[in-house]
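Coordinate inspection notes
Single-letter residue listing:
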Amino acid sequence: MQPVRILIADDHEVVRRGVRSLLKSRADWEVCGEAVDGRDAVQKAKELKPDVIVMDIGMPHLNGLEAARVIRKEVPQSEILILSQYEATEMRPAALQAGAREYITKSDVARDLLTAVESVTQHLTASGSTPIQRSAPTNGESKTHEREISAIEISPQKRAEEANAWLAAVVESSDDAIISEDLAGIVTSWNAGAQRMFEYAKIEAIGQPIKLIIPADLYDEEARILRRLRNGERIDHYESIRLSKSGKQIDVSLTISPVKGSDGRVLGASKIARDITERKQAEEALRKVYDELELRVSERTAELERRTAQVQEQAELLDLANDAIFVRNLDARITYWNQGAERLYGWTRAEVLGKPIDDYLKTQFPQPFADIRSEILRTGSWQGELIHSTKDRRRITVASRWSVWSDKQGKPLGFLELNTDLTEQKRAEENLRTMSGRLLQLQDEERRRIARELHDSAGQMLVALDMNLATIQRDGANLNHGAARACAESLHLVQQLSKELRTISHLLHPPLLDEAGLPSAIRWFVEGFAERSKIPVALEIPQNLGRLSPEFETTIFRVVQEGLTNIHRHSGSSTAAIRISQGPEAIRLEISDRGKGIPAGVQLGLAGAGRSGVGIQGMRERLRQLGGHLEIQSRRTGTTILAVLPLRNSTAMDAQHAVKLAS
């Protein structure tokens, strides 16, 4: 008999072992090799030329979709079965388009894998790609098969022990402190992360009250936590303070879960503590910088108003002002130059009087000077920001206020200009924006890291545990009724937990954004948003919208995410609409609703005259980092958010990524 030769490709050894165990239940199938990443899968496929390749999507070096495209070109006789953690409806078409014959999710692997492989082999037989012969086993083969079945009967216990060992290894190798305690507050387990964070060895901590690491003034907090745990409550991301052995205070984020027995009774608590001291320090530093900037701007504005009033009341005191004050006649020649101008620009009064002002300041105006001149003559004043040159050739930014200088009959003689140096303020604002952009980048990186950790560690072990339990259930003829029922319940719980873990991971950073691209990720998010909020969303995306740089795709996705969240929270709208359009110069994203609109006072803040919300600031900063901008238009019949990103700062695809796809 010619067996079906199968290559397994997955970057997690425990998943490969589980898949191999399931495939070995068929005597007419043979696992001819294993690959540890996408690049290895392509190489092994070329060398081994397997009949079937069972391959994961999320792998390093080359993901499963990219590897499938290369294999279809290089080894067309091999059929591909995509095995993935992602359940989004967008992923199956993407997998089939990449060249896969079948697609199943890891949550269903124990139930569907053998059927899916059988379907692929039937296609091979029908197409004649690999003639597969079936024959009845000889007596010797029958004995061999009996020995394999005997080995399978023994393996579930070993695989369960291995799974437990994997879980214990994950807990022990975690950077976070993972601690368990009973309902009396006595420590019952203490991992290496807890030892590093709190400086107590296991032998020092286990058996001791948890108050060992709690400041005395927070003992009541621990009592409240224990009361909530007795009621079966879970506590997520609770921020508090803990003490190390040396007395150092540590800012921590706590996730606390009740530990229940088989009868549902709460036995104790499991705590995961993450050190957030550096994050707290960064937040405090940013707050201080922002408060200092606000104070300086407020003080400078008040000072400007006071000095302007003083100039208007007593023209003879102009020379005493700290700001630069000068007068230019209608021919743009300097007729007055105070000491503040000397200090700011460096030229003395004798050097500039009677000279054309443009020979010195080389002013850069925010709009044509002819328009500014017309406005001053029409209204009597103008104010804005200008860029000037100094004697030592520095370019500085000034806040400039202009007034008409007239004779007693009201005839214009020239313009009085009062300038305040904003260079340091602008530098501080730019530093603040840079810091804000870096924080957004770190936030996205942390979300992606956490999502990847959930997928690569806990998610993959749940898949392995699912396969082990399914094997026990399938081969469990000798289990008593209670054990069989417990096995079935455990299998259901593992599948439910796997689904919840995927949802959390996808909301942190949707894998579709990396694997299938922006349109698929947005469609997935919109579908989930509509289901959760009961707000239908009309979505319009160009069919020919290609891949953008990762920064562009992440920015557009986060703006969509924030825009829909604001509609759900604030607008009261029963519908929403998203339209993405691509022109030769820019990509435009419009998010609109039919809600109650934004109050006038709030609109003023959003326009920049006051403080806007954190979400709006985040959207503006993300777009600004890529050279784009955000506009908000609101009325009583609804609100529209318009985000514009110039394509000159992006590429249709990351060059390295494009080369990878083409190879």
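Above this text is the structure in question.
Residues numbered from 1 in each chain as written. Predicted model: local features only at pLDDT ≥ 70, side-chain atom pairs only at ≥ 80, totals over all residues. Heavy atoms only, no water.

With respect to the sheet that holds strand β11 (residues 324–329)
In space, the 5 strands of this open sheet follow the order β12-β11-β15-β14-β13, with antiparallel pairing throughout. A strand with exactly one partner marks an edge of an open sheet, and here the two such strands are β12 (334–337) and β13 (381–389). On average, each strand axis in the sheet is inclined to that of its neighbour by 30°, with strand direction left out of account. Pairing of strand β14 (residues 395–406) with strand β15 (residues 412–421), which is carried by 9 bridges, proceeds in the antiparallel orientation. Across the sheet, A399 pairs through a bridge with T420, a residue of β15. Most of the contacts of helix α13 (residues 369–379) go to β13, to which it runs at about 145°, and overall it touches β11, β13, β14 and β15. (Pairing = 2+ DSSP bridges. Helix = DSSP H or I, 4+ residues; strand = E, 2+ residues; numbered from the N terminus. Axes fitted to C-alpha atoms, helices over the stretch in contact; angles between N-to-C directions. Contact = heavy atoms within 4.5 Å.)

Some thoughts on the packing of aromatic side chains
Here the distance between the centres and the angle between the planes together describe a pair of aromatic rings. Tallied over the full model, the rule gives 11 aromatic pairs. Ring geometry for F365 against F369: centres 5.1 Å apart, planes inclined by 35°, an arrangement best described as tilted. According to the relative accessible area criterion, F369 is partly exposed, its value standing at 24%. Taken together, F365, F369, W382, W402 and F415 form an aromatic cluster joined through their ring pairs. (Phe/Tyr/Trp six-rings, centres within 6.5 Å; stacked < 30°, edge-to-face > 60°. Buried < 20%, exposed > 50% of the residue type's maximum accessible area, 1.4 Å probe, protein only.)

As for unusual backbone geometry
Not every positive phi belongs to a glycine, and K49 is a case in point at roughly 50°. Note that K49 resides in the loop between α2 (38–48) and β3 (52–55). Phi is positive for R393, close to 70°, though the residue is something other than glycine. Relative to the helices and strands, R393 is located in the loop between β13 and β14.

Examining the sheet that holds strand β1 (residues 4–9)
Ordered in space as β2-β1-β3-β4-β5, the 5 strands form an open sheet in which the pairing is parallel. Looking at the sheet topology across the chains shown, the edges are occupied by β2 (29–35) and β5 (102–105). For this sheet the average axis-to-axis angle between neighbouring strands, irrespective of direction, equals 20°. Relative to β5, strand β4 (residues 79–84) runs parallel, the two sharing 4 bridges. The residue bridging I82 from the neighbouring strand is Y103, located in β5. Strands in contact with α2 are β1, β2 and β3; relative to β2, the strand with the most contacts, it is inclined by about 135°.

These results come straight from atomic positions and should not be treated as a statement about function.
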